[in-house]
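So the chains spell out like this:
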Amino acid sequence: MTLFRGTFLDTPENPFTGGTLRVATDAALLVEHGVIRARGPYQELRRAHPAEQVVDLTGGLVLPGFVDTHVHFPQIRAVGGMGMPLMEWLDKYALPEEAKMADSAYARSVADEFVRGLAAAGTTSAMVFGAHYVDAMDTLFSAASRVGLRVTSGLVVSDRLLRPDLLTTPERAHTESVALANRWHGVGRNRYAVTPRFSLSCTDELLAACHDVLNDVPDAWFTSHLNENDAEIATVAELFGGSDYLSTYDKHGLVGRRSVFAHNVHPTDVELKLLGTSGATVAHCPTSNAALGSGLFPIGRHVDNGVRVALGSDVGAGTGFSLLKEGLQAYFCQQLLGDNGHPLTSAHLLHLSTAAGAEALGLDEVGDLSVGKRFDAQLLRPADSSPLAVGITHAADAEEVLARIFTLGTPADVRAVWIDGELLTTGEN
């Protein structure tokens, strides 16, 4: 067993329904085989366990590991493409990069960058939007296993309107997806997610094949895109005879508790009601929404309809792996909505980055630092005299400390990351 000593911040109770930030100063967590067995004041736990190893994390702040609910594996080298909306950005930046995943050596180098980038940003679990190529997906799952991340991902499938080298058929999509899931689903910390790119690039036949994969792979997950951009939404309506976007998935049984839909910037009330009653999750990707001019996310309407919401970095159209940036941009978004916005505190931002994502992905064992949870955590410790260090020193209380972390923090401030109590990264970044 190991005693981790430090200051711990988490949100075991949802701030959107009355929960508050939990703060434990000069506290300790007793971890055995990756599980938190006890927590309390350090001196008290030390007296009870005088022979156990102590990991001293004082001088920093310990948060739960971040949970990213939407991040594109093949797009990390496409970050920074500016000046265009979604469809043009896809054609110029994202899709050419995704086509390079056909080269196994190229995919391997990207996969290594990807999983290490997530871990360095404090992300320990992620719903990863995968690649269009089976070999690239094998590479991703292998890389995630080496680093130790909790990854839910799958083969991306499309059969129309994209460049030809990214297209498949319903039959091939089913065969390849099931085979890939048989190799990786439930192996280590990997899980499989059925992943049609979006309805715009998928026929009804392909979406039906996705449903068949869900039936053939027990406890598989589902992820895709939804209501991101006005032009995209209009095209989907044309392709599906005027249907709303969510119905294109629902007609094939793809909307449920294990479904995670990215963006949903422009939902209808009918769609929000279905998302709420089905138990599905929306991955809010605020920096991507801002960069592509997609719009301001109506989190209040989601909350009012009982829709689960968590954060996603998106990566390609976003600003990198850091959910600190996503939390800050989520705050900005609600401020810009004025009276239509939902005011967010730093506790809301931490919850969206951790416990909300864990709940969204069915990872009940992580998300906060309560007894019985796995010790997935990160240590944030800013460099001496940095703006963040100064801000923390002069903060009035823990909520203000956390607000300054989201405002000023970067992956450089993440000094160590643990999954199941195992140290992934340590030392100065």
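Above this text sits the structure in question.
Quick look at the structure, then. Remember, predicted model here, so these are calculated numbers, not experimental data. (Residues numbered from 1 in each chain as written. Predicted model: local features only at pLDDT ≥ 70, side-chain atom pairs only at ≥ 80, totals over all residues. Heavy atoms only, no water.)

Quick word on the overall build of the protein chain
Along the protein chain, the regular secondary structure elements total 16 helices and 17 strands. Principal-axis analysis of the C-alpha atoms gives the protein chain an extent of 65 × 50 × 35 Å. Within the protein chain, the fraction of its 429 residues that count as buried is 60%. Of the contacts formed within the protein chain by residues at least 6 apart in sequence, a portion of 75% connects residues at least 24 apart. A total accessible area of about 15,700 Å² is found for the protein chain, and carbon and sulfur atoms account for 51% of it. Separation of charge centres in the protein chain, based on 32 positive and 51 negative side chains, amounts to 6 Å. (Helix = DSSP H or I, 4+ residues; strand = E, 2+ residues; numbered from the N terminus. Buried < 20%, exposed > 50% of the residue type's maximum accessible area, 1.4 Å probe, protein only. Contact = heavy atoms within 4.5 Å. Areas by Shrake-Rupley, 256 points an atom, 1.4 Å probe, with all protein chains shown as cover. Lys, Arg positive; Asp, Glu negative; His and termini not counted. Charge placed at Lys NZ, Arg CZ, Asp CG, Glu CD.)

Brief notes about the packing of aromatic side chains
Under the criterion given, the structure shown has 11 aromatic pairs. Ring geometry for phenylalanine 375 versus tryptophan 418: centroids 5.7 Å apart, planes at 50 degrees, classification tilted. Residue phenylalanine 375 is located in the loop between α14 (355-360) and β15 (377-380), and its partner tryptophan 418 is located in strand β16 (residues 414-419); the two are separated by 43 residues in the primary sequence. The residues phenylalanine 375 and tryptophan 418 share a single accessibility class, namely buried. Looking at arginine 5, its charged tip hangs above the ring of tyrosine 42, at a distance of 4.0 Å from the centre. (Phe/Tyr/Trp six-rings, centres within 6.5 Å; stacked < 30°, edge-to-face > 60°. Lys NZ or Arg CZ within 6 Å of the ring centre and 35° of its normal.)

Structural notes on the pattern of salt bridges
In this structure the tally under the stated criterion is 23 salt bridges. One salt bridge in this structure joins aspartate 376 and arginine 150, with 2.7 Å as the shortest N-O distance. Here the residue aspartate 376 occupies a position in the loop between α14 and β15, and arginine 150 occupies one in strand β8 (residues 150-154), the gap between them amounting to 226 residues. A relative accessible area of 3% places aspartate 376 in the buried class. Judged by its relative accessible area of 8%, arginine 150 falls in the buried class. Among the ionic pairs, arginine 172 bridges to glutamate 176, the shortest N-O distance being 3.4 Å. Of the two residues, arginine 172 and glutamate 176 are both situated in helix α5 (residues 170-184); the distance of four residues between them amounts to about one turn of the helix. You can call arginine 172 partly exposed: its relative accessible area is 39%. Overlapping salt bridges, with partners in common, bring together Arg150, Arg189, Glu365, Arg374, Asp376, Asp420 and Glu422 in one network. (Salt bridge = Lys/Arg side-chain N within 4 Å of Asp/Glu carboxyl O.)

Things to note about the state of the cysteines
Scanning all chains against the criterion turns up zero disulfides. This cysteine, cysteine 202, is not joined by any disulfide, and cysteine 210 carries the nearest cysteine sulfur, 6.1 Å off. Judged by relative accessible area, cysteine 210 falls into the buried class, the value being 4%. (Disulfide = S-S within 2.5 Å.)

Remarks on the pairing of strand β11 (residues 221-226)
Counting buried positions along β11 gives six out of six residues, so the element sits mostly inside the fold. The alternating pattern of β11 places Trp221, Thr223 and His225 and Phe222, Ser224 and Leu226 on opposite faces, both of which are buried. Inspection of the sheet shows β11 paired to strand β12 (residues 259-263) by five bridges, in the parallel sense. Paired with phenylalanine 222 across the strands is serine 259, a residue of β12. (Pairing = 2+ DSSP bridges.)

Regarding helix α7 (residues 230-239)
Residue asparagine 229 occupies the N-cap position of α7, its side-chain oxygen lying 2.8 Å from the main-chain nitrogen of alanine 231. One or two positions beyond α7, positive phi appears at glycine 241, with a value near 65 degrees. (Polar contact = N/O pair within 3.5 Å; in protein donor to acceptor, adjacent residues only side chain to side chain.)

Looking at the packing of helix α4 (residues 134-147) against α5
Closest axis-to-axis distance for the α4/α5 pair is 11 Å, and the angle between their directions is 20 degrees. By the criterion of interaxial angle, the relationship of α4 to α5 is roughly parallel. Pair α4 / α5 crosses with right-handed handedness. Here Val134, Met137, Asp138, Phe141, Ser142 and Ser145 of α4 lie close against α5, whose contacting residues are Glu176, Leu180, Arg183 and Trp184. (Axes fitted to C-alpha atoms, helices over the stretch in contact; angles between N-to-C directions. Parallel < 35°, antiparallel > 145°, perpendicular 65-115°, else oblique. Left-handed = near helix turned anticlockwise from the far one by under 90°.)

Remarks on the packing of helix α13 (residues 346-353) against helix α16 (residues 398-408)
The angle between the axes and the distance between the axes are what describe a pair of packed helices. Two numbers describe how α13 lies on α16: the axes approach to 8 Å, and their chain directions differ by 60 degrees. Of the possible angle classes, the one that applies to α13 and α16 is oblique. When the axes of α13 and α16 are compared, the crossing they make is left-handed. Counting all contacts with α13, which are made through Ser346, Ala347, Leu349, Leu350 and Ser353, the residues of α16 involved are Glu399, Leu402, Ala403 and Phe406. A class-by-class count of the residues in the contact of α13 with α16 yields six nonpolar, two polar and one charged. (Nonpolar A, V, L, I, M, F, W, Y, C, P; charged D, E, K, R; others polar.)

Focus on the side chain of asparagine 264
Along the chain, asparagine 264 falls in the loop between β12 and α9 (269-278). Accessibility expressed as a relative area gives 0% for asparagine 264, which makes it buried. With near-sequence residues (within four places) excluded, asparagine 264 lies in contact with Leu226, Asn227, Leu272, Leu275, Val282, Phe297, Pro298 and His302.

Examining α5
Relative to the 21 Å expected for 15 residues at 1.5 Å per residue, α5 spans 21 Å between its end C-alpha atoms, a close match to the ideal helical length. Taken residue by residue, α5 has Pro170, Ala173, Ser177, Val178, Leu180, Ala181 and Trp184 as its buried positions. Angularly, the buried residues of α5 cover 165 degrees about the axis, an arc narrow enough to put them on a single face. Structural note: α5 exposes Glu171, Thr175 and Asn182 on the side pointing more than 90 degrees away from its buried face. Structurally, α5 contributes buried residues whose contacts are with α4, β9 (156-157), β10 (190-196) and α6 (204-216). (Expected span 1.5 Å × (residues − 1). Arc of directions from axis to C-beta.)

Geometric values such as these leave the question of function open.
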